[in-house]
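Inside the fold
Residues per chain are reported as follows:
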Amino acid sequence: MGPLFDVVCFSHLRWGFVYQRPQHLLTRCARTHRVFYVEEPIDGERPGLKVERWENDLTTVVPIVPPGLSEPEGIELQRRLLDDFFEAQKIHSLALWYYTPMAVPLGRHLRPLVTVYDCMDELSAFNGAPNTLRDREGELFDSADLVFTGGASLYAAKRDRHQSVHLFPSSVDVAHFGVARDGLPDPGDQAGIGTPRLGYIGVIDERFDPVLLRDVAALRPEWQFVLIGPVLKIDEEMLPKAPNIHWLGPKRYEDL
């Protein structure tokens, strides 16, 4: 009979940037449902949508909004573009899945079967968080049927704000990372690095503690610190430099 509903996800994360929680969950969802992953808008002179198909039945949708519009004008334009797209795709029976409360105005008029808020981070604590984020999150709590939190501290902070909040911590992709136990050779950019190695893989942003890394690396010069991931929203010049600290940049998920 096929899937009974489609999934529309609103996210602040770019699908093709870092493979993390949304990608893990929604690629699995796309095995049985059409998934439409709506990203934050990008600037462009001509309004429109950038649409791209990915694995399984997952489609990313990026609104293109001319610069200079007010926030209400930008929201109204995105809503019209998405409504036309949803109609063309015959998206009528749907579940809404939110990663960002800032997209709430884009889904207010929709009539989903269920609304899920997957709170994977405390976005209000990030640098540059919009002043309206807390209010939008309050509205999302009011409209959501189900809330997931990505960690124990988030669960403790959110569990009293909704009648159905569930701890849904991130974990390990065993099939993917298990191959590392089969004696893989060192990748080229680590072959010359000594041992023992302490590794970090992930986005390096304002939550990262460069002072801690600097001090531990100085206390243990025989330990090699290998860091993999893109640097965002912080000055790369502020990251500690030492012979036993190795910044290897971002890698494809397939190569991790």
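This text gives an overview of the structure that appears in the document. Being a predicted model, the structure only gives us computed values, none of them experimental. Here the residue index of a chain counts from 1 through its sequence in written order. In view of the model being predicted, local features appear only for residues whose pLDDT reaches at least 70, and side-chain atom pairs are presented and counted only at 80 or more, with totals across whole chains, interfaces and linings using the full set of residues. Note that the side-chain values use all heavy atoms of the structure and ignore hydrogens as well as water.

1. Concerning the pairing of strand E5 (residues 58–65)
- In terms of burial, E5 is a largely internal element, eight of the eight residues being buried.
- Here the rule is simple: two strands pair whenever DSSP picks up at least two bridges between them. We count a stretch as a helix when DSSP gives it H or I for four or more residues in a row; a strand needs E for two or more, and each element gets its number in order from the N terminus. As paired elements, strand E2 (residues 35–38) and E5 share four bridges and run parallel to each other. Bridging across to E5, Val35 finds its partner in Leu58.
- Examined bridge by bridge, strand E3 (residues 42–43) and E5 share two bridges and lie parallel to one another. What sits directly across from Asp43, in E5, is Val65.
- Pairing analysis gives six bridges linking strand E4 (residues 48–53) to E5, with the strands arranged antiparallel. Counted as the bridge partner of Glu52 is Thr60 from E5.
- From the end of E4 to the start of E5, which pair antiparallel, there are four residues, and Asn56 there has a positive phi angle of about 55°. The buried label applies to any residue whose accessible area, calculated with a 1.4 Å probe on protein chains only, is under 20% of its type's maximum; exposed applies above 50%, and partly exposed to all values in between.

2. Considering helix H4 (residues 133–143)
- Taken together, the buried positions of H4 are occupied by Leu133, Arg136, Glu137, Gly138, Leu140 and Phe141.
- Contacts are assigned to residue pairs with any non-hydrogen atoms lying within 4.5 Å of each other. Of the surrounding elements, those touching the buried residues of H4 are helix H2 (71–88), strand E6 (94–98), helix H3 (104–107), strand E7 (114–119), strand E8 (146–149) and helix H5 (152–158).

3. Section: the layout of surface pockets
- Using only the protein atoms, space was sampled on a 1 Å grid; points where a 1.4 Å probe fits but cannot get out form cavities, open sets with protein on both sides within 12 Å along at least five of seven lines form pockets, and lining residues are those with an atom within 4 Å of a point. Grid points are joined across faces, edges and corners, and a volume is the space filled by probe spheres set on the points. Of the volumes computed, that of the second largest pocket is approximately 630 Å³.
- Pro187, Gln190, Ile228, Asp255 and Leu256 are, among the 21 residues lining the second largest pocket, the residues nearest its centre.
- Those elements that provide at least two residues to the lining of the second largest pocket are helix H6 (174–177), strand E10 (197–201) and strand E11 (224–228).
- Ranked by residues supplied to the lining of the second largest pocket, first place goes to E10 with five residues.
- Charged means Asp, Glu, Lys or Arg here, nonpolar means Ala, Val, Leu, Ile, Met, Phe, Trp, Tyr, Cys or Pro, and polar covers whatever is left, Gly included. The class makeup of the residues in the lining of the second largest pocket is 12 nonpolar, three polar and six charged.

Geometric values such as these leave the question of function open.
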